Every structure is written in C-alpha cells, then in structure tokens.
Amino acid sequence: MTTVSGLGNYTTPSSMLYQNDPTTLGKEDFLILLVTQLQYQDPLNPADSTEFISQLAQFSSLEQMQNVNKNLEIIQLYEQSINNAQALNFIGKNVKASGSAFDYTSGESHDFEIVLSKDADAVHIKVYDSTGEVVAQIDPGALGAGEHTISWDGTDINGDPVPTGRYTFKLTAEDAEGNPLTTAVYIEKKISGVAYHDGNTFLVAKDGTEIPYSLVMEAEEVMEEETQDENSTEEEVQPTTDS
C-alpha cells in the first residue's frame, strides 16, 4: 500500500508527545526525596524554613506542569477522534491533496496536477524513480498562473518506457526574468476507505494509495454519471463462466 508524501506534516502520536522518560524524576520522586531529607535532617541543625518553603513551591510547580501535560494529551486525543470521524465523510468523494509521489503502471500515461503563483516563462517537471535518479523531464514551456494538468507519456529521457513502480516528481518554474516562482503540486484520488495507524488518519484511495488527512486540500462529490461509468466498467471486466 502506497502512502503519499507531500508538503504537509503528519500528526505526532500523543503517546509519543507525552511518553514518560524513565531517566527523569517525577513528582512522586520529588516528594520522596523531600520527606527523606526531613526524616534524616540533623535535629540540632534543621533545614532552613525558607529553603523548605522554596522546595515545596518547586514541588507545586512540578505538579501543575504535569497536570497541564495530561490535559494537553486529553485535548489532542479529542481532536484526533474528531478527525477520525470527519474522515469518514470523504468516502466516495474525489479529494485533492498535496503530494508528489505516485504509482505508475508501465505503458500508460500519467497526469501531473500543478499550480503556478504567477505567469511562467519556463516550467520544468523532473520525474524520479525510487532510487532518486532522474528518469524523465517534461518542459511544457510558458504557462499562465493557476492550475494546470501536464501529461507524461511514461517514457524516460531516451524515449524508452519506464517500468511499473513508485515515482516522485519535482516542479520548478521561472518568470521572464529568470526568477523562480512559487509552485505547488497535488494529486487527485477517489476515496474508498479510511485507515488509522501510527497515530494518524489516512484516506485510502481506490488504488490503495494512503493520503494523510492533514494533506487534503479540497474534496468534491462524485458525479452520478462518473459512478455509473465506473460500475459499468467493473461489470465489463468481470470474467464469465460457462455453465
């Protein structure tokens, strides 16, 4: 199963954020040390009252900080549960998400969805294989500001078909003066399910691609005609058996 990598970051699991470090002292340890200190102090030279009050104040501050951490953990778990519930609403919809990784089937074409902040005099798209090597480059030329779909025929720099596998692409653009422009890339997928693991919520596309919930840019309802066409295609490819 493929997981989209893109411009956003995943949510850190709360269990990792607030996991207790066994090498640090907690409030129970602090209290034991304080009581032990009082128990074994010299009765002829007792602890200074000012110092004792200061230690009690430190203990109180430590307890309050730990309570704050617990409250933050509860809040984050609550927000995560809301995200999990909301993610179910994306099932059956087409979503647009930030991302530059894609699965490619040899012999097919692939469309790159890009966004340009301004009119570009030159646009370049480099395609990388799983080892990080450049396998293809597309130069669509000058493009106006906004969203564009750039098609790739699936061939490498030498014109040979690239094998099936996972690829990534990088977009660069320049204006007429050669200044780099702000760009963005995204993918569009139809969502068929939701997955929860590693403390994160993922939308699962029909092709098995997992899209982090935090990378979703927008979603739209699937037109009824599209659904009917997909169902018709699925019925056509079903094998028949002789009775």
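Residues numbered from 1 in each chain as written. Predicted model: local features only at pLDDT ≥ 70, side-chain atom pairs only at ≥ 80, totals over all residues. Heavy atoms only, no water.

Trainee: Would you mind showing me how to read the side chain of His-148 here?
Mentor: When you line up the elements, His-148 lands in strand E6 (residues 146-152). At a separation of 2.6 Å, a polar atom in the side chain of His-148 contacts the main-chain carbonyl oxygen of Gly-144. Look past the residues within four positions of His-148 in its chain and what remains in contact with it is Phe-112, Glu-113, Ile-114, Leu-116 and Leu-143. (Helix = DSSP H or I, 4+ residues; strand = E, 2+ residues; numbered from the N terminus. Polar contact = N/O pair within 3.5 Å; in protein donor to acceptor, adjacent residues only side chain to side chain. Contact = heavy atoms within 4.5 Å.)

Trainee: How do you make sense of the environment of Thr-164 when you look at a structure like this?
Mentor: With respect to the helices and strands, the residue Thr-164 is situated in the loop between E6 and strand E7 (165-174). By relative accessible area, which is 53% here, Thr-164 ends up exposed. In this structure the C-alpha to C-alpha distance between Thr-164 and Gly-154, which are 10 residues apart in sequence, comes to 9.6 Å. With residues near it in sequence (within four places) discarded, Thr-164 still touches Tyr-104, Thr-105 and Ser-106. A polar atom in the side chain of Thr-164 sits 2.9 Å from the backbone nitrogen of Ser-106. (Buried < 20%, exposed > 50% of the residue type's maximum accessible area, 1.4 Å probe, protein only.)

Trainee: Quick question: what am I supposed to make of the pairing of strand E8 (residues 183-197) here?
Mentor: Remark: a regular strand shows side chains that alternate across the two faces of the sheet. Sheet topology note: the strand E1 (residues 93-98)/E8 ladder contains 5 bridges and is antiparallel. Within E8, the residue paired with Val-95 across the bridge is Lys-189. Sheet topology places strand E3 (residues 110-116) next to E8; 4 bridges connect them, and they run antiparallel. Bridge pairing in E8 links Val-115 to Ala-184. Here E8 runs beside strand E9 (residues 200-205); their pairing, made up of 6 bridges, is antiparallel. The residue bridging Gly-193 from the neighbouring strand is Val-204, located in E9. Hairpin connection, E8 to E9: the antiparallel pair is bridged by 2 residues, and Asp-198 has positive phi, about 55°. (Pairing = 2+ DSSP bridges.)

Trainee: Would you mind showing me how to read the layout of surface pockets here?
Mentor: Over the atoms rolls a probe the size of a water molecule, and its path tells where empty space is left. Put simply, the second largest pocket is a space of about 290 Å³. For the second largest pocket, the lining is made up of 16 residues, of which Asp-103, Ser-109, His-110, Asp-111 and Lys-189 are closest to its centre. Of all the secondary-structure elements, those providing two or more residues to the lining of the second largest pocket are strand E2 (101-104), E3 and E8. Looking at the lining of the second largest pocket, its residues break down into 7 nonpolar, 3 polar and 6 charged. (1 Å grid on protein atoms, 1.4 Å probe; cavity = no way out; pocket = protein on both sides within 12 Å on 5 of 7 lines; lining within 4 Å. Points joined across faces, edges and corners; volume = space filled by probe spheres on them. Nonpolar A, V, L, I, M, F, W, Y, C, P; charged D, E, K, R; others polar.)

Trainee: Would you mind showing me how to read the nonpolar core here?
Mentor: In a soluble, globular protein the nonpolar side chains are often hidden away together inside. Counting 22 residues, the largest nonpolar core has Phe-102, Phe-112, Ile-114, Val-123, Ile-125, Val-127 and Trp-152 as its most contacted members. For this core, the elements supplying multiple residues, two or more each, are E2, E3, strand E4 (122-128), strand E5 (134-138), E6 and E7. Setting aside chain neighbours within four positions, we find Phe-102 in contact with His-110, Phe-112, Val-127, Trp-152, Gly-165, Arg-166, Tyr-167, Thr-168 and Phe-169. Within the second largest apolar cluster, 11 residues are counted, among which are Ala-87, Phe-90, Ile-187 and Leu-203. (Core = buried A, V, L, I, M, F, W, Y, C linked by side-chain atoms within 4.5 Å.)

Function cannot be inferred from these measures alone, as they are strictly geometric.
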